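# An overview of the molecular structure
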Amino acid sequence: MSKVFEKSPAFFDTFERKPSMQKTTHYCPGCGHGIIGKIIADQLAELGLQDQAIFVGPVGCGVFIYYYFESSAVSSAHGRASAVATGVSRANPDAVTISYQGDGDLAAIGTSNAIHAANRGENMIVFFVNNNIYGMTGGQLAPTTLIDQVATTAPYGRSIKNDGFPLRMAEMMAGLEAPTLVARVGVNNPRNIRQATKVIKKGLEIQRDKKGYAFIEILSQCPTNWKKEPKEACEWIDEVVSKQYPFGVFKDLTEEREAVERPCKRVEFAEVAKQLGLVETAASDSKQLEMAHDEMHFKFAGFGGQGVLSLGMMLAQMSMQRNMEVTWLPSYGPEVRGGVANSSVVVSKTPIGTPVVDNPNVLVALNRPSLEKFGPLVPEDGLIVYNSSLIDQIPADLKCKVYALPATDLASTVGTVKAANVVVLGFIARKTGMFELADLEVFLCETFKKPALQEVNLKAVNAGWQAAGNL
Ligand code: SF4
C-alpha cells in the first residue's frame, strides 16, 4: 500500500523545472500523464533498468519528462521521437530506449516516423499517450479525436466527412509483422492501472532482453481540454473513449521472439571528417577578442520587430570572425507577437557548455517589459543598456551599472528608427571594449551591400559609438 504512494527511486528527488514546483510535476490536476510516469518509474526501478534507460521526449504535454526521470534523456523535434529513438537505440545497443509520445506528436506529424520504426522492429518501447486531443496547445482536433467530440478547431465536433475517422494506432501497429508487443491500456481506474502496470513491465522486459519493438497505447484522461472534472474524465474513458479504442493486447510474440542484435560500429570523428573531405584550416592571424571575462553572456531583448535577434546575430558573427567560440539562441514563439522577443549570445575563449543565458553580463533592453524581466538578473559587475527613448521608468532592484541610451531617437536622427539596434551595437562595442569602430564599419559594409543601407547603418553605429563616449 505505502509503496504506491512513495516516490519512485527512478524519479529525481526534486524536480528542478521551477523553484516553486520541486515536488510536483507540471501536469494539470487529474491528468493521466502523472500516473503513467509513476508506473514507468516504478517498473524501471523494479527491473533495475533505470541506469540503462534513455528517454526520448516529444513535443506536447510530455515534453518535460527529462525533469522527472533520473535516467538519460534526449528531446526531439515534434513528431520525430521514434526516429530519434531509432538512432539512440542503434548507437546504444545496451540501452533501454523509451520513446514517450502523445497523439498529436505520434499520430499526426510523426505518423510515418512511428510506423517505420515499428516496421523495422527497432529495439525500443513506445509509450503512446492517447487523450484524443492536442493537450499542450489548448485542445485542437487530433487524429484521435472522437467522432462528434468538440475541439477548439472543431467547434461543432469531429465530422467524418470533414476530418475522417479516429485513428486506431494500436490496431495499425498490430497489423505490422515486426512488432513484438502491441497493446492498449488505461490509467483511469485501479483495475486498468493494474493491467497497465503488467503490460508496461512486459514491454520493458522485452527491451531488457532485446526482443524488438513494443508499442503501448495508453488512454489518458485530459480533464483540462475535455472540460471535465477529473473523476468525470476517468469515467468518460470507460463509458465513451474505450468504445472507440478498446483495451487489449493485440499482439504478443514475446515467447517466440529471439533477441535482435544490431551491432553498431562506432565511427570516430576523424573518420567522419575524412569522409566529408574536411581538412583542418590554418589558424587565422586575427587575434581573439579582449573581454572582461573569458566567457561573456549577452541578452538582447525587446519587442518583436525591434531587431533584437539580428543585433545578437551581428555580435555573434563579429565575434566568430575573431576566432571566438559563439552561440546565438533566439527566443521566438508567442513572445514575438507584441511581447518580449530576445536573443542570447555567448562569446567565449573556450568551448561553450550551454547557449542558455540566465544571468547576462550585458543586457540590452529595448522596451520596458524586457528591462523588468531581465534587469534584476544581471550581476553587480554586469551592465545594462536600456532604450531611454521608450522606457521612462527603471526597476528599483537593478544591481549593476545602468546606461540610458536614447537608441530610437538617435536612430531617427540618422534616418530610420529601424537602425536602433545598430546604434546599440556601436554603444556596447565601445562600452565592453570588444571592438574598435573600424571593426564595426568593416562588418556593416560587408553585411549591407546596398549603398543606402550602408550609409544609414554607418551613421547609426557612429551615433552609438559617440554616445558611449559621452555617457
Ligand atoms: S492539458 Fe491535458 S494532457 Fe496536458 S497536462 Fe493538462 S490535463 Fe494533462
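Please refer to the structure higher up on the page.
Here is a short report on the structure shown in this document. (Residues numbered from 1 in each chain as written. Predicted model: local features only at pLDDT ≥ 70, side-chain atom pairs only at ≥ 80, totals over all residues. Heavy atoms only, no water.)

### Section: the overall build of the chain
Using the following cut-off: Only DSSP runs of H or I reaching four residues or more are called helices, and only runs of E reaching two or more are called strands; each is numbered from the N terminus. Buried means the residue's accessible area, taken with a 1.4 Å probe over protein chains only, is under 20% of the maximum for its type, while exposed means over 50%, and partly exposed covers the values in between. Contacts: residue pairs with any heavy atoms within 4.5 Å of one another. The accessible surface values rely on the Shrake-Rupley method and a 1.4 Å probe; as for residues, cover is taken only from the protein chains in view. Two residue types count as positive, namely Lys and Arg, and two as negative, namely Asp and Glu; His and chain ends fall outside the count. Charged side chains are reduced to one point each, which is NZ for Lys, CZ for Arg, CG for Asp and CD for Glu.
Helix and strand counts for the chain come out as 17 helices and 13 strands. With respect to the three principal axes, the spread of C-alpha positions in the chain is 75 × 55 × 50 Å. Looking at the chain as a whole, 49% of its 471 residues are labelled buried. Considering only contacts within the chain whose residues lie at least 6 apart along the sequence, 66% involve residues at least 24 apart. Summed over its atoms, the accessible surface of the chain is roughly 22,600 Å², and 55% of this surface lies on carbon and sulfur atoms. Across the chain, the mean location of the 46 positive side-chain charges is 4 Å away from that of the 49 negative side-chain charges.

### A word on the pattern of salt bridges
Definition in use: Should a side-chain nitrogen of Lys or Arg be within 4 Å of a carboxyl oxygen of Asp or Glu, the pair is scored as a salt bridge.
Taken as a whole, this structure holds 13 salt bridges when the rule is applied. Residue Lys 38 is joined to Asp 42 by a salt bridge in which the shortest nitrogen-to-oxygen separation is 3.0 Å. Of this pair, Lys 38 and Asp 42 both sit in helix α2 (residues 32–47), 4 residues apart, which is roughly one turn of that helix. As far as burial versus exposure is concerned, Lys 38 and Asp 42 are alike and both buried. One connected set of salt bridges, linked through shared partners, spans Arg 90, Arg 120, Glu 122 and Arg 262.

### Here's the deal with the pairing of strand β11 (residues 362–365)
Selection rule: In this analysis, strands are considered paired if DSSP registers two or more bridges between them. We call a crossover right-handed when, viewed with both strands directed away from the observer, the connection leading from the first strand over the helix to the second proceeds clockwise.
By the alternation rule, side chains of β11 split into Val 362 and Val 364 and Leu 363 and Ala 365, which are all buried. Relative to β11, strand β8 (residues 295–303) runs parallel, the two sharing 4 bridges. By the bridge assignment, Phe 298 is partnered in β11 with Val 362. As judged from the 4 bridges shared by β11 and strand β12 (residues 383–387), these two strands associate in the parallel manner. Pairing of Ala 365 across the sheet is with Tyr 386, part of β12. Handedness of the β11-helix α13 (residues 368–374)-β12 crossover: right-handed.

### Comments concerning the layout of surface pockets
The criterion, for reference: Note on definitions: the grid is 1 Å and covers protein atoms alone; a cavity is a set of points where a 1.4 Å probe fits but cannot get out; a pocket is an open set with protein on both sides within 12 Å along at least five of seven lines; lining residues have an atom within 4 Å of a point. Grid points are joined across faces, edges and corners, and a volume is the space filled by probe spheres set on the points.
Of the voids in this model, the second largest pocket is the one considered here, and its volume is about 250 Å³. Surrounding the second largest pocket, 13 residues form its lining, Lys 299, Asn 342, Ser 344, Val 357 and Phe 374 being those nearest its centre. If you list the elements that add at least two residues to the lining of the second largest pocket, you get β9 (325–331), β10 (340–348) and α13. Here the lining of the second largest pocket gets 3 residues from one element, more than from any other, and that element is β9.

### Some words on the site of the ligand
For clarity, the cut-off: Near is defined per residue: the residue qualifies when any heavy atom it owns lies within 4 Å of the molecule or strand. Basically, the charged four are Asp, Glu, Lys and Arg, the nonpolar ten are Ala, Val, Leu, Ile, Met, Phe, Trp, Tyr, Cys and Pro, and anything else, Gly included, counts as polar.
Every residue near the ligand is listed here: Tyr 27, Cys 28, Cys 31, His 33, Cys 61, Asn 131, Gly 135, Cys 222, Pro 223, Thr 224 and Asn 225. Among the elements that make up the shell around the ligand, the one with the highest residue count is helix α9 (residues 223–226) (3 residues). Class assignment of the residues belonging to the shell around the ligand gives a composition of 6 nonpolar, 5 polar and no charged.

### Focus: the environment of Phe 127
Relative to the assigned elements, Phe 127 resides in strand β4 (residues 125–130). Between the alpha carbons of Phe 127 and Ile 216 there is a distance of 5.1 Å; along the sequence they are 89 residues apart. Apart from the residues lying within four places of it in its own chain, the contact partners of Phe 127 are Ile 40, Ile 98, Ser 99, Tyr 100, Gln 101, Ile 200, Ile 216 and Ile 218.

On their own, these measurements won't tell you what the molecule is for.
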